[in-house]
Structures are given as C-alpha cells and as structure tokens.
Amino acid sequence: MQVIRFADLCAQGAVQGKRVFIRADLNVPQDEAGNITEDTRIRASVPAIQMALDAGGAVMVTSHLGRPTEGQFKPEDSLAPVAKRLGELLGRDVPLIAHWVDNGVPVAPGQVVMLENCRLNQGEKKNDEQLARKMAALCDIYVNDAFGTAHRAEGTTYGIAQFAPVASAGPLLAAELDALTKALASPARPLVAIVAGSKVSTKLTILQSLADKVDELIVGGGIANTFMLAAGLPIGKSLAEADLVDQAKAVIATMKARGAEVPIPTDVVVATEFSATAKATVKAATEVGPDDLILDIGPDTAARLAAQLMKAGTIVWNGPVGVFEFDQFAGGTQAIAKAIAASPAFSIAGGGDTLAAIAKYGIEKDVGYISTGGGAFLEVLEGKTLPAFEILAKRAAG
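All residue numbers refer to position in the chain's written sequence, counted from 1. Restriction of local features to residues with pLDDT of at least 70 applies here, the model being predicted, together with a cutoff of 80 or more for giving and counting side-chain atom pairs; totals for whole chains, interfaces and linings are based on all residues. Values shown for side chains rest on all heavy atoms present in the structure; no hydrogens or waters enter the calculation.

A. Local environment of the overall build of the chain. Numbered from the N terminus, helices here are DSSP runs of H or I no shorter than four residues, and strands are runs of E no shorter than two. What the chain contains, in helices and strands, is 15 helices and 14 strands. Within these notes, the globule rule equals 2.2 Å times the number of residues to the 0.38 power, and the radius of gyration is based on C-alpha atoms. The C-alpha atoms of the chain give 23 Å as radius of gyration, which agrees with the globular expectation for 398 residues (21 Å, within 12%). With respect to the three principal axes, the spread of C-alpha positions in the chain is 70 × 45 × 35 Å. The rule is simple: take the accessible area with a 1.4 Å probe, protein chains only, and divide by the maximum for that residue type; under 20% is buried, over 50% is exposed, in between is partly exposed. Counting all 398 residues of the chain, 54% fall into the buried class. Note on contacts: a residue pair qualifies if any of its non-hydrogen atoms lie within 4.5 Å across the two residues. For the chain, restricting intrachain contacts to residue pairs at least 6 apart in sequence, the fraction spanning at least 24 positions comes to 74%. Summed over its atoms, the accessible surface of the chain is roughly 16,400 Å², and 52% of this surface lies on carbon and sulfur atoms. Taken as two groups, the 36 positive and 44 negative side-chain charges of the chain have centres that lie 3 Å from each other. The protein chains shown are the only cover counted for residues, whose accessible areas, like all others here, come from Shrake-Rupley with a 1.4 Å probe. The charge count includes Lys and Arg as positive and Asp and Glu as negative, but it does not include His or the ends of the chains. Taken as the charge centre is NZ of Lys, CZ of Arg, CG of Asp or CD of Glu, depending on the residue.

Put into structure tokens, the structure is as follows:
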C-alpha cells in the first residue's frame, strides 16, 4: 500500500512555512483527579511533532480523550493535562486552543499548539463532511499518526484526509503499516499466529482469516478450551463456547487441507476455583476432571510450542495463553514470551493484555514490532483494510 510519508515531505523541504495538522493518539489513562497515570502515547507522539517543528512547520496537534458527548464540554474531557505533559516532553509551552474549528488557529512556523479534544466537535464520530472541510481548510498538510483510531472513519481520521491539500502518514502510522505488511502481506515462512482470549466469538473472524494464511495457528485461553472440545477432549468447568465447536472444527479443517495445523494442548494447568490463591495442578489433556478449570497450558505443551516458535520466520502474537496475572498460571505465557524473544523470527505483537505480558516479562526490546492499536490491530488480522490507510492510499494515488 503506497502512502505519502510525512518524513519524506520533511526531507524534501516541503514542510517549511506550512500549516501542519497532526492527528495523534493522546488518549491516555487518568486518575480521578485528572492526573495522567501512564504517558506512553504522549511520548510516542513526540517524534512526528518534533519532525514537523524541525522542518519549519506551523504545527497543530489534536486527539480524542475519553468518551465525551459531542458539543458538550466538561472539564474532565479537556486535553489540558495532555498539553502540559507534551510541553514538558518538548521543552516548550504548548498552548491549548478551544473552539478551533470555526475560529481559526493562530500558530506560526516553529510553534506548536494543541487543539482541544476533537471528539467534542459536532459530527466528528459520524465523519460529517462540513466539519471535515472546515478542518481541512485549517492546514496545508494533514498527518495521521494515530494508528489506534485507524479502524474508525471519523472527521479527524478520514474526512480531513479527503479534503486537505496534502494527506500523509506520520512516522508511527507508517511504522505500523510497514510492520503489518512485513508480517501479513509478505511474511517470511513459517508464519505462526498466536491468538488467545476468553472467547472464540470475539476472535472468530480473525481465526477464519488467519486459517487461510498461516502455517501454524496457536490458540490459547478460553479459545483453546473450545478447540479442545472440538478435538473431543474433556474441559470440565472451563470457560468455552460449545455452540462454536463446529466453527473451531472448520478452522482446523481449513488449516489441515493446506498442510498447516492448530496444535491442541497435550497437558494443561487446572484449578477448582478462579482466584489468586487457587492451587495449580498439571494434568494430561485427556485427564481433566468434571470440576476442573483449565487456566493455562501445561509445561509439555509450552515446550512444544516454544520449539515451534524458534523455527518460525514470522510470528504474530495477540493474547496471553493463560491467566498470567496469577503466577501459578503464568508458565505458558512466560514460555511463549521467552520463545518469541529468543526466536530469530520477525515478530509483531498487539492488544492490551499482550502488551501487559510483554512488560511483565521484560521482552520489549526483543519483539520486532509492538503495535499501539488494539482494535485496529485486530481488524488488520481479520483481513480488513483500515479506513485511515484506505484514504491515505487513495490520496497518494492522486
């Protein structure tokens, strides 16, 4: 997919003196007092902003924050704490501008301002054309650097890109596009996907889409329990979706027809209750009792999967394979994480729980690419073209 890259525009001197509108993803968690509790997304937005400033642009940055009601400003919806933190990171003042759509934005080359929460604007979520045209008129160059919202066709992620004089991908968005292309469009083989989570229903389309592409589909969590049911194994009281067993069988059959496989656990870690103090017992997959809850894959299964990950060319990881928050049920996820870290394969990981597991086992530097967008990452795995990529490619094609 060809898009105009903002880094290239900067390198060509095309940003000097131009008004640059950056759609970042600054939707950070806050405590009840409004203090930012985790600023990864703000830090991740700095390279695009600094790049625009260094290239002589007059820079406007906006983002959504929380779930505001359009047209109804409440203090807790304000980007004020975000502007303050961004100012600290950039080492300069970042003024916050409200009511910016109709009143214009005073900003000079070499300056940066923050535009108040874009989801406060009437028509943002529904991608209202009138709003999009007004926003596009504010800038010479539009930059989308918010992969986390790339699966939504909203005013600041799609509409403005239609009408801005130039529409480009920021460094974060471009890096996501490159990593996803490398992992899914032209992967080094074998391509191994790990898809885990509580329910098959929420990941069914992903499993079906990947079944046509991957050489090995490792399932974990509640999803693996449904696949164990499909393989005729006992799962006791474990979380599963019995009504989706036929779909699980269909995924297994699709893979098998291509000479690929869905490895079914040969041993599991069970308990009789779901709690931090539950006693963990390793059992063969055939020996799960009627009162057992499967909360992790067993050591033999983990070792077998780890060995397969070491032979992979590309690994796509979405979801821990057990209840890794409780240490006695974390062995499987830890083994998978360590294997991905040690594997020579190109790896791409995404999804909130996956990022938590990566942080827990300290393998950030050993994963090829860590995706910043949960929903957007999942939609790419489903085989969907994201609206933000689609419009940027359309604009690049002229």
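Following the structure, the description resumes.
B. Representation of the packing of aromatic side chains. Pairs were defined over the aromatic rings of Phe, Tyr and Trp, the Trp ring being its six-membered one, requiring ring centres within 6.5 Å. Orientation was assigned from the angle between planes: stacked under 30 degrees, edge-to-face over 60, tilted for the rest. This structure, assessed with the given rule, holds four aromatic pairs. Taking 6.2 Å as the distance between ring centres and 40° as the angle between the ring planes, the aromatic pair formed by Phe21 and Tyr142 counts as tilted. Pair noted here: Phe21 is in strand β1 (residues 19-23) and Tyr142 is in strand β5 (residues 141-144), with a separation of 121 residues, a long-range link. The exposure classification of Phe21 matches that of Tyr142, with both residues buried. Put simply, the rings of Phe21, Trp100 and Tyr142 pair up and form one aromatic cluster. When the ring centre of Phe163 is taken as reference, the NZ or CZ atom of Arg133 above it lies at 4.1 Å. Here, over-ring charges are defined by two tests on the NZ atom of lysine or the CZ atom of arginine: distance to the ring centre within 6 Å, and angle to the ring normal within 35 degrees. The ring of Phe346 carries the charged tip of Lys182 above its face, separated from the ring centre by 4.2 Å.

C. Helix α14 (residues 374-381), seen in detail. Within α14 the residues assigned to the buried category are Ala376, Phe377, Val380 and Leu381. All buried residues of α14 lie within an arc of 140° about the axis, which places them on one face of the element. Of the surrounding secondary structure, the elements contacted by the buried residues of α14 are α7 (171-185), α8 (200-211), β12 (314-318) and β13 (346-349). Looking one or two residues beyond α14, the residue adopting positive phi is Gly383, at roughly 90°. It is the directions from the helix axis to the C-beta atoms that the arc portrays.

D. Inspection of the pairing of strand β11 (residues 293-297) at higher detail. Among the five residues of β11, five are classified as buried, and the element is accordingly described as predominantly covered. Strand pairing is assigned whenever DSSP identifies at least 2 bridges connecting the two strands. In this structure, strand β9 (residues 267-271) lies alongside β11, joined through four bridges in antiparallel fashion. Paired with Val269 across the two strands is Asp296, which belongs to β11.

E. Molecular detail of the pattern of salt bridges. Note on definitions: salt bridges are taken to be side-chain nitrogens of Lys or Arg within 4 Å of carboxyl oxygens of Asp or Glu. In the structure shown here, the tally under the stated rule is 15 salt bridges. We note a salt bridge from Lys237 to Asp291, for which the minimum N-O separation is 3.5 Å. Of the two residues, Lys237 is situated in the loop between α9 (221-230) and α10 (245-257) and Asp291 in the loop between β10 (281-284) and β11; the sequence distance between them amounts to 54 residues.

F. A look at the sheet that holds strand β8 (residues 216-220). A sheet is described by the order of its strands in space; here five strands give the open sequence β8-β7-β12-β13-β14, paired in parallel fashion. Each edge of the open sheet carries a strand with a single partner, namely β8 and β14 (369-370). Sheet topology note: the β13/β14 ladder contains two bridges and is parallel. Its bridge partner lying in β14, Ala349 is registered against Ile370. To get an axis, a line is fitted to the C-alpha atoms, and for a helix only the part in contact is used. The angle between two axes follows their N-to-C directions and goes from 0 to 180 degrees. Against the sheet, α7 makes contact with β7 (191-197), β12, β13 and β14, and its axis sits at roughly 120° relative to β13, the strand it touches most. Lying on the sheet, helix α13 (residues 352-360) is in contact with β12, β13 and β14; it crosses β12 at an angle near 110°.

G. Quick peek at unusual backbone geometry. Residue Pro190 follows Arg189 across a cis peptide bond; omega there is -5°. In this structure, Pro190 sits in the loop between α7 and β7. The residue His99 is not glycine, and still its phi comes out positive at about 50°. On the basis of relative accessibility, which here comes to 65%, the residue His99 falls in the exposed class. For Asn127, which is not glycine, the phi dihedral falls at a positive 55°. Here Asn127 falls in the buried class, since its relative accessible area comes to 19%.

Without other data, these values stay purely geometric and don't point to any function.
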